[in-house]
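# Results of the structural survey
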Amino acid sequence: MLSFIHEKDQCTGCGACVAICPLDCITLVSDDEGFTYPEADSRCVDCGKCRDVCPMLRHIDRTEAGFETFCVAARHVDHAVWEKSSSGGAFSAICEAYCNNGDVIFGAKFEGLRVVHDYVCSVDEIAAFRKSKYVQSDPRSSYRVARDMLAGGRKVLFSGTPCQIAGLRSVLGKEYDNLLCVDLICHGVGSPKVFERYIEYLEVKYRSRMSSFTFRNKKQKMCGRFLEYIVGLEFEDGTRIELESDLYNRGFMQGLFSRPSCSECMFANMNRVGDITLGDLKGRYDVLPKAEGMENLSTVIVNTSKGREVFQLLDQYMYLYPVATEEVVRTQDRLRQPQSMSERREDFFEDLSLGVPIDKALRKHVVAAGLMRSMWHWLPDRLRYDIKRRLRWIRT
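Definitions and limits used
- Residues numbered from 1 in each chain as written.
- Predicted model: local features only at pLDDT ≥ 70, side-chain atom pairs only at ≥ 80, totals over all residues.
- Heavy atoms only, no water.
- Helix = DSSP H or I, 4+ residues; strand = E, 2+ residues; numbered from the N terminus.
- Buried < 20%, exposed > 50% of the residue type's maximum accessible area, 1.4 Å probe, protein only.
- Polar contact = N/O pair within 3.5 Å; in protein donor to acceptor, adjacent residues only side chain to side chain.
- Contact = heavy atoms within 4.5 Å.
- Core = buried A, V, L, I, M, F, W, Y, C linked by side-chain atoms within 4.5 Å.
- Pairing = 2+ DSSP bridges.

### Considering the side chain of Glu 33
Within the fold, Glu 33 resides in the loop between strand 1 (26-30) and strand 2 (36-40). Residue Glu 33 is classed as buried on the basis of its relative accessible area, which comes to 17%. Reaching out from Glu 33, the side chain makes a polar contact with the side chain of Arg 345 at a distance of 2.8 Å. When residues no more than four places from it in sequence are discounted, the contact partners of Glu 33 are Ser 191, Lys 193, Pro 260, Arg 345 and Phe 349.

### Brief notes about helix 4 (residues 90-98)
Counting buried positions along helix 4 yields eight of nine residues, so the element is predominantly enclosed. Here helix 4 has its buried residues at Ala 90, Phe 91, Ser 92, Ala 93, Ile 94, Cys 95, Ala 97 and Tyr 98.

### Focus: the nonpolar core
Counting residues in each nonpolar core, the largest one holds 29 residues, and the members touching the most others are Phe 213, Leu 233, Tyr 248, Phe 257, Phe 348 and Leu 362. Those elements that provide at least two residues to this core are helix 7 (192-206), strand 8 (210-220), strand 9 (226-235), strand 10 (240-243), helix 8 (247-253), helix 12 (345-353) and helix 13 (358-365). Sorting elements by how many residues they give to this core places helix 7 first, with six residues. If we skip the residues at most four places from it in the chain, Phe 257 touches Phe 35, Val 189, Gly 190, Ser 191, Val 194, Tyr 248, Gly 251, Phe 252, Arg 345, Phe 348, Phe 349 and Leu 362. Core analysis: the next-biggest nonpolar cluster, separate from the first, contains 27 residues, Phe 67, Ala 97, Val 120 and Leu 278 among them.

### Looking at the pairing of strand 5 (residues 114-120)
Burial runs high along strand 5: five of the seven residues are buried. Relative to strand 5, strand 4 (residues 104-111) runs antiparallel, the two being bridged by seven bridges. Bridging from a neighbouring strand, Ile 105 pairs with Val 120 of strand 5. Between the end of strand 4 and the start of strand 5, which pair antiparallel, lie two residues, with Gly 112 showing a positive phi angle near 70°.

These figures capture arrangement, not role.
So, in structure tokens, the structure goes:
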């Protein structure tokens, strides 16, 4: 690692150091867990530019004098777009509101079964950027490409995790009127190595190479439960499978194989680096007690006046429901504190290093839900809200 990075939890892998290096002597190298860290070769002259742009060493305060952050819950007016999105389709709507054909949109996509950052020049081409991807994306040359396009006067929308947005802003070194940054309420990033091994296991299990993996699909159950974390698998032989309970997803949510820096995340608060922040709407019936229907919604947090200008166009593309900022913060853990790592994380990676098959390692270390939690999971959404509301009333 670079000399100023003393522990692995001090590096997010954002790639800002790689983008700023004038000699192109820094590369991101994978460690035993599958996460990448910067290393400089013999051409390094210790110019210090990598140190200067590292978001972990810079205090980024995006507070805008006189601007008060506000939040809405939102759902895309086009049902087809909503169906193709992880939550309410807010990313698509913001692209539609901000961009015209020819404008540049950056986001994370699958390239094969590897997650990378890329760009398109048409709103019609953003489908690959939709949906959550619980693997750290490779930024590749995105920061440099964005910088060149901004300098050339192109209008750019850049979406990513908060550490990636912070990396981009550090590389740019100044504000651009033609840039809109969209960050995420981030749960952390999963290990590309773990994901790769999990794919290999699924290909052996189902006897075909995988052509597509989606982390989140939606289904309304007859019992009144709405499921939004259904994994979708597609194989080259035409087989399609839906997994309502997936080992990788469960391990990711438990912090079993997240990047070490995620537990020290300096962005897990309301000092946002994006002009707009997107996430799922948590505690829907708490935040919107009169909500009807079962479809999931997006949380949209507007952080800057530039973000507000785009928000003012969103009602053409989304149904908008104002919600109190304090309620959003209360129901979103990652707006208050970083993700906690699983107590079994070290043992999990130790097993992998000893050659334990990925499926056995996951089954061994993913904490199984108890009987009561499993029963709770299948209760209708509205009933679960009513029970929690009554319990809060009893406690007070």
